[in-house]
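# Observations on chain architecture
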Amino acid sequence: MKFELKLLKHQRQLYDSKKNIAGLVCGRGAGKTVILSWIIVFHLLQNKRVLAFSQTYKSLTQNLFDEIQKRFDELKVKAIYNKGAMTISYGKGIVFGYSYENAESSRGLTEINLLVLD
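What you see as residue numbers is a count from 1 along each chain, following the sequence as written. Local features in this predicted model are restricted to residues whose pLDDT is 70 or higher, and side-chain atom pairs enter the listing and the counts only when it is 80 or higher, whereas totals over whole chains, interfaces and linings include all residues. The side-chain values count all of the structure's non-hydrogen atoms but skip hydrogen atoms and water molecules.

### Here's the deal with the sheet that holds strand β1 (residues 49–54)
Inclusion rule: Two strands form a pair only when DSSP identifies at least two bridges running between them. Secondary structure counts use DSSP, requiring at least four H or I residues in a row for a helix and at least two E residues in a row for a strand, with both numbered from the N terminus. Lines fitted to the C-alpha atoms define the axes, with helices restricted to the stretch that makes contact. Angles between their N-to-C directions range from 0 to 180 degrees. Residue contacts follow a heavy-atom distance rule, with two residues in contact if any of their heavy atoms lie within 4.5 Å.
If you trace the 5 strands from one edge of the open sheet to the other, you get β2-β3-β4-β1-β5, paired in mixed fashion. Since the sheet does not close on itself, it has two edges, and those belong to β2 (80–82) and β5 (114–117), each with one partner. Averaged over all neighbouring strand pairs, the angle between strand axes comes to 15 degrees, with direction disregarded. One ladder, built from 4 bridges, connects strand β3 (residues 87–90) with strand β4 (residues 93–99); its direction is antiparallel. Bridge assignment links Thr87 to a residue of β4, and that residue is Phe96. Along the sheet, helix α2 (residues 32–45) makes contact with β1, β3, β4 and β5, crossing β5 at roughly 160 degrees. Contacts between helix α3 (residues 57–75) and the sheet are confined to β1, β2, β3 and β4, with β4 contributing the most and set at about 155 degrees to the helix.

In structure tokens, the structure reads:
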């Protein structure tokens, strides 16, 4: 399947970064969550494990996880969303979602390929 990903300059810089730690600081509506969702989806498609944090449970479910679902829909790929466990999986790839409100309950830190702070 061929897919053309159109990104803004600042999104492309984050996507292309080869650094161990990379960030994107910009205002509302600049596409931070959108590019993070693409990065997460590409990791899941490669059977990798991701740990993702958002400020609140509401922002995790209604923003980040919603955007991840939209990316899978755009690719016409079916992922498994477990709202109770706050995970989205595809094949052997999985993203574990947490909010900063319950950061102390996060598990799996040693077995992830990517940490996302939205």
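### As for the nonpolar core
Which entries qualify depends on this criterion: Put simply, a nonpolar core is a bunch of buried Ala, Val, Leu, Ile, Met, Phe, Trp, Tyr and Cys residues held in one set by side-chain atoms that sit within 4.5 Å of each other. Exposed residues in this analysis have more than 50% of their type's maximum accessible area, buried residues have under 20%, and partly exposed residues fall in between, with area computed by a 1.4 Å probe over protein chains only.
In this structure, Ile40, Leu64, Phe65, Ile68, Phe72, Ile88 and Val95 are the most contacted members of the largest nonpolar core, which totals 25 residues. Broken down by secondary-structure element, the contributors of at least two residues to this core are α2, β1, α3 and β5. Sorting elements by how many residues they give to this core places α2 first, with 8 residues. Setting aside its immediate chain neighbours within four residues, Leu64 contacts Thr33, Leu36, Ile40, Ala52, Ser54, Ser59 and Asp118. The next biggest cluster of nonpolar side chains, apart from the first, holds 5 residues, and it includes Leu51, Phe53, Phe96 and Tyr98.

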